[in-house]
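# Close look at the chain arrangement
If you want the building blocks of each chain, they are given just below.
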Amino acid sequence: MNIVVNNLAARWTPILLAILATGQMSRAESLHTLIDKHIEVRWKEHEIRPARLASDAEFLRRVSLDLAGIIPTAVEARAFLDDTTNDKRASLVDSLLASPEYALHMARVFDVVLAERNVASTASYDIKGPVWRAFLTEAFAENRPWDTLARDILGSDGTDEKTGPGVKFFLARSTEAHVVTRDVSRLFLGRDYQCAQCHDDPRYEDYLQADYFGIYAFLIRTSHFREKKSNRSMLAEKAEGDVNFTSVFTGEKGETHPRLPGWEAIPDPEMEKAKLYTVAPAKDVRAVPAYSRRSQLASHLPRKETDGFSRNIANRLWALMMGRGLVHPLDMHHAKNPPSHPELLDALADHMEETNYDIKALLRQIALSQTYQLSSQFAEGQSEPSPESFALAPLRALSAEQLGWNFLQASQRLPASVLDAEQKLKQESPDDFEEQRKELKWRKEIYDNLEKTAAPLIKAFANMPGQAEGDFAPTVGQTLFLLNGEKYFNLAKGEYKGSLISRLKELKTADEVADELYLSVLTRRPVEEEREEVAQHLEKSKDREAALQELTWAKLLSAEFRLNH
Amino acid sequence: MDVTQTHTAHELKHESPLISCRFDPSGKFVFAGAQDFAVWRWNIESGEKTKLFTNSWVRGLTFSKDGKTIITSGTDGRLIWFSLADAAAEGELKPQREVAAHEGWIRAVVTSPDGKFIASAGNDLKVKIWNAADGKLIRELAGHESHIYNLAFHPDGKHLVSGDLKTNLIVWDYGTGKQIRTWKSENLLNYDKKFLAFIGGYRGITFNKDGTQLAGSGITNVSNAFAGIGNPSVVIFDWKKGAPPLIEHLSKGALRGVVWGVALHPEGTIIGAVGGPAGYLLFWKPGEAEDFHRIKLPDTARDLSLSPDGLHLATAHFNGHVLIHKMEKKVEEKKETA
Amino acid sequence: MLGGTIGSLGMGLGAYPLLAGEVEKSRKKLLLIFLSGGPSQLETWDPKPGTKYGGPLLAIPTSVKGTHISELLPNTAKVMHQLAVIRSLNTGIADHFQGHYALQSGRTVPGFPVIGSALAKLLEQDGDQLPGYVEMRRDGPKAYTDVGDAGFLGPKYESVKVINAEPPDFLIRPDTFSESKAQVVDQLRVNSDQRFLQGRSELPIRAYGGTFSRAVALMKQRGIFDIEKESASDRELYGSHLFGRHCLMARRLLESGVSCVKVVSHDWDAHQENFHWHQQRCSEFDRTFPALVTDFDRRGLLEDTLVVVMGEMGRTPQINNRGGRDHWGKAWSMAMTGCGVKRGIIHGKTNAEGTEVAEGEVHGGDLFNTFLRALDISPREKYQMTGQPIPAGDPAGSTIREVLV
């Protein structure tokens, strides 16, 4: 257990103690069974009947979206659905986690989590999107532990070859200390201090204000620096500058040194004035202090001793898989918004700590749980369970990135490119084709080449900068974009080699068409009613190609495609 | 005269920012319009200062031929006559005549070569001809479609030129009120597509002594209209041929700012006073695009006047100072070297 | 269950009546005229002629005895009896981005909806097909006007954007895609969604389906963005410049049932030659705004429409060495008229040189709450968001009772 028991957790102490016992007993068990146990306890308490287990098709689509960002091709879907081995779900999870798509997908996810679509107010001063995502891709490909990644980002000043692009976290926020403070708290500790200022408990307010300014004190000396020679953006830091603050409620003044929640302040070391800088500030010179407060933040914050650090990432990874945090909203960890399953959140946080912040390991455990593998359909006569019971798989919007790439995937634009690239690779290196094919670099290039095609769609569906992706809130503008933005219909129309339409055209029977269409777009085989619909539509239509386009286009516009379910 | 030896001969100080300046016909006095709603007169030698309360910002200053009267044009649409022969009571001259002349700003007022007429123009797009002696309106000239920035009488005593924001120049026969011809100098106009606004116009305008050339000054190459980022420019027209300009005089190296005042020296040198991030006096030789000499001024400049003796320049500054520059070698230096 | 939203699609694409007439009359509306860049209070609502920082421009009398405004607004002066002017804003913000956000959201903490999005939500009625919030601006580089709209209310309440008086993007079906084909596809999509609905959470599926019917409604109604449909005399009344065309389109949209329209008048950021800039900008404004006030009044629109004119900040009293005025949040002005607002009054004042508020100080949050009150919405009304209910107005802000009826 986390040794820092603060007053936030105090309210939950009785429950924590109760769980402690069961938790210790369960140590021998794997985490995924523990997850199910904790979830089931609440079902029993509240007499909730959970949904049945997801079908293979439901599971396949969901876990592919969650771990690889894209749905499988029809070939892959058939193979999985027809596989009769017992542990095929676990094998699928492992193969997805090992795929290059995992890293590419997680880079897109954490791009949005960490940068929140912000761009520096002078856009050219920012790290370019592809560079930043490549940095994240590399990190997820090597399954860099979360504490290390957090350290790389918070500690980056833009100069280091490997961690340089991490400086995007600061640049995207125009290196504005208040903005960075708020987002460090929100994204790494799960606490939005600014929103919590609305709370009416003055004691709580003061407590937060001191914490807020404790983090602020780490950052106040850091500023943006543009190196003229290389035209690169970096961070400079001064060796002086302190933080004073006044409570708006009580008028009390405070002065604080860098301090993390639950910890003592870190005083600056005593130094002679002449030795304050490694590189002294001057015009067009990047100041480097001998003692960097920001480096202190990078080394002190990403540790299990920092209150909230482990729980935040555990909760965020849970939400990534389950569509909702155990603490929800994700940046609202505070006493008045307790976790729905405190004992489970602790178990997940502990797991993060015990595995040295192994992201893949936690995602794997969640994916293997029965809770994750529930259906999104509730049983007949059953009322819809509340989302925080996790008794039903939620309907979640595909993210802008998922939607963009899955449009290309389902219409076969992406698989056709993969096929092309494979043929080329086969010719170039027939001997190690199989090895090379699995390589991230090779795979990434295919995506990079299609980036231009996906980008407008992603842009149309992306939230405004700084606004975290919330619940599904479809807009008319987005739908108009789909309906009348010819480009995407043309994609579905499939006038290119290897398109879905060209494949459907070759199929003889309506049944074959229905199978291929549903497997390609919706990752499942059609039900009888759907087979009939396809057959009828083809039959009554004079122009078979047009009919196929209509069927495909309707599926791409369907809620079933738009949602992760 | 040696412009390369130009130095500050007098520094006349005031506390309010200045926007215009003129030597009087005697060259003994200099007048400057200030943002404190007054025009100020300095005796250049003694530094004695007299207030002419105008109750408006004055950009246009002109004198009767005998130099005994000054006529000011203000942002309140009034022309005011001050008799300079009167004794100033408590350091202040009282207006002799006030005429509500235009709707809105009057940006320029000038006296005809024979001294009989004065012309004024402003934001109401009209040029008006007045009897200099009694302030009676004689004629109204309509034809401009943007704010009129400047006026100049041709030495021939027959023609008047008016120039506007959009750099249209209209040559009038002011005796009849007829438009003779129109010109344009588009280099002094910028339409900022980002900010949807025009910026430019003739900030300064003047004829040379024999009337063969007309100079207009302002700003060119504006890249940001809000910040006023552009380069100072003086264009010279051939009076007979009209547009396009014979030449555009620019600074050597891209200086930032506006040429707020231009003078054509009888000996040929073209002189511009620049206001921008810094103030400059620029000197060009006829026919040369880049300045051959420049002086950095202690503050941004707003106007320029050439003295009747052709040896001095006056510049009006934001810091409230009028500088009198002498275009020859400093006397003290001679003594020291001797 | 399904009949309401999805089933009705089967009736064909023509079956989307606009909410109009009686229903619309009862709904409050907002027209926000945003003078972006920060107009100078001294060259608009609060002239100080003849004072140290007053500048060269004069003040002129207005239709309200004893009240003067800048000579740059001669037509506006004639409708002064219709306006409530606040001369005592102290928002303390001298920054475009922060000002744009704070003045429109009533908050300084990020994440809150701007007034247009807030009203799209708060004034929403069942069955609405048109967007609740339309924003009009000129084309141009991404400017500080884009501060995000809906905040935590989510994309549904983001503005629909009209750029350069053109209808929003994608309102017209591509030539290659016939109406009948669209209907066929839509029927297939609806069938698909109906099957998918079985045993699943209805809300997201219906929300998504709803965007299709609203999209089709908007396509059918794209004429509401076409001011050529207005009479020639009305087009002349509002003027042919972009601001005029946007204001006329705003009238058209408000009359069609859009609850909030924002028209942006750009480029008041006069860091140099302030007086020249204000001559240009004010002449455009003064050409249209007073005509709009009179027209709205004549048509009865002012009875249920709040009209607000403001920028994100004012400009410094001090005139800089380029003849400009710089950013300023300490003592500046705005104006409003329409529903819930007293007419022909001035609230608050600045000191003689305009450097400080002397009476009736108003903060950003106060303004926002006052807008809500004028529209009969309590600032304490709460958005029911995940996590916690959030009050619509700023709890620290007060309402400026003096300007309300």
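Preceding block: the structure.
Values in this document were obtained by computation on a predicted structure and should not be read as measured data.

Looking only at helices and strands, chain B has 1 helix and 31 strands in total. At 19 Å, chain B has a C-alpha radius of gyration in line with the 20 Å of a compact globule built from 338 residues. In terms of principal-axis extent, the alpha carbons of chain B reach across some 60 × 50 × 40 Å. Of all 338 residues assigned to chain B, the portion counted as buried reaches 60%. Long-range pairs, those at least 24 residues apart, make up 47% of the contacts in chain B with a sequence separation of at least 6. About 13,400 Å² of surface is accessible on chain B, with carbon and sulfur atoms providing 48% of the total.

Here the focus is the sheet that holds strand β29 (residues 301-306) of chain B. Residues and elements named next belong to chain B. Across the sheet, which stays open at both edges, the 4 strands sit in the order β1-β31-β30-β29 with antiparallel pairing between neighbours. Of all the strands in the sheet, the pair left with one neighbour each is β1 (7-12) and β29. Between one strand axis and the next, the sheet turns through 25 degrees on average, direction left out of account. The pairing of β29 with strand β30 (residues 312-317) spans 5 bridges and is classified as antiparallel. Across the sheet, L306 pairs through a bridge with L313, a residue of β30.

All told, the structure shown has 86 salt bridges over all chains when counted by the stated rule. A:R52 is the partner of A:E58 in a salt bridge, and the nearest nitrogen-oxygen pair spans 3.5 Å. Its relative accessible area of 43% is what places A:R52 among the partly exposed residues. The residue A:E529 makes a salt bridge to C:R195 at a minimum N-O spacing of 3.8 Å. Here A:E529 is found in helix α26 (residues 528-540), whereas its partner C:R195 is found in helix α5 (residues 179-197) on a different chain. Exposure remark for C:R195: the relative accessible area of 15% places this residue in the buried category. A network of salt bridges, in which partner residues are shared, links C:E230, C:D234, C:R251, C:R252, C:E255, C:D295, C:R298 and C:R299.

Here we take up the environment of B:H10. All names here are of chain B. Tracing the backbone through its elements, the reader meets H10 in strand β1. The spacing of H10 and I324 is 314 residues in sequence and 5.0 Å in space, taken between C-alpha atoms. Not counting chain neighbours up to four residues away, the residues in contact with H10 comprise I44, E45, V322, L323 and I324.

Another aspect to go through is the interface of chain C and chain A. Taken together, the contacts link 45 residues of chain C with 50 residues of chain A. In total, about 4,500 Å² of surface goes out of reach between chain C and chain A, with carbon and sulfur atoms giving 64% of it. On the chain C side of the contact with chain A, C:F170, C:R195 and C:Y208 bury the most area, a combined 17% of that side's loss. At the boundary of chain C with chain A, the tally comes to 5 salt bridges. Across the salt bridge formed by C:R195 and A:E530, the nearest N and O atoms sit 3.2 Å from each other. Applying the counting rule to chain C against chain A returns 13 residue pairs in polar contact (both at pLDDT 80 or more). Elements represented by at least two residues in the side of chain C that touches chain A include exactly α5 and α6 (202-220) of chain C. For the side of chain C that touches chain A, the leading source of residues is α6(C), giving 11 residues.

Turning our eyes to something else, we now look at the interface of chain B and chain C. Interface size is commonly expressed as the accessible surface area that is lost when the partners come together. Opposite the 27 residues of chain B that make contact, chain C presents 26 residues. For the pair chain B and chain C, the two sides together bury roughly 2,200 Å², of which 58% comes from carbon and sulfur. In terms of surface lost to chain C, no three residues of chain B exceed B:F37, B:W105 and B:F226, which account for 29% of the buried area on that side. Here chain B and chain C share 1 salt bridge between them. A salt bridge links B:R203 to C:E273, with the nearest nitrogen and oxygen atoms 2.7 Å apart. Across the contact surface, chain B and chain C share 8 residue pairs in polar contact (both at pLDDT 80 or more). Counting residues per element, the side of chain B that touches chain C draws most heavily on strand β20 (residues 197-200) of chain B, which supplies 3 residues. Along the lines of polarity and charge, the residues of the side of chain B that touches chain C split into 15 nonpolar, 7 polar and 5 charged.

On to helix α11 (residues 177-189) of chain A, then. Residue and element names in this part refer to chain A. Relative to the 18 Å expected for 13 residues at 1.5 Å per residue, α11 spans 17 Å between its end C-alpha atoms, a close match to the ideal helical length. Counting buried positions over the 13 residues of α11 gives 11, a clear majority of the element. Positive backbone phi, at 75 degrees, marks G190, one or two positions downstream of α11.

Definitions and cut-offs
- Residues numbered from 1 in each chain as written.
- Chains lettered and ligands numbered in written order.
- Predicted model: local features only at pLDDT ≥ 70, side-chain atom pairs only at ≥ 80, totals over all residues.
- Heavy atoms only, no water.
- Helix = DSSP H or I, 4+ residues; strand = E, 2+ residues; numbered from the N terminus.
- Rg over C-alpha atoms; globule rule 2.2 N^0.38 Å.
- Buried < 20%, exposed > 50% of the residue type's maximum accessible area, 1.4 Å probe, protein only.
- Contact = heavy atoms within 4.5 Å.
- Areas by Shrake-Rupley, 256 points an atom, 1.4 Å probe, with all protein chains shown as cover.
- Pairing = 2+ DSSP bridges.
- Axes fitted to C-alpha atoms, helices over the stretch in contact; angles between N-to-C directions.
- Salt bridge = Lys/Arg side-chain N within 4 Å of Asp/Glu carboxyl O.
- Buried area = accessible area lost by both parts, 1.4 Å probe.
- Polar contact = N/O pair within 3.5 Å; in protein donor to acceptor, adjacent residues only side chain to side chain.
- Nonpolar A, V, L, I, M, F, W, Y, C, P; charged D, E, K, R; others polar.
- Expected span 1.5 Å × (residues − 1).

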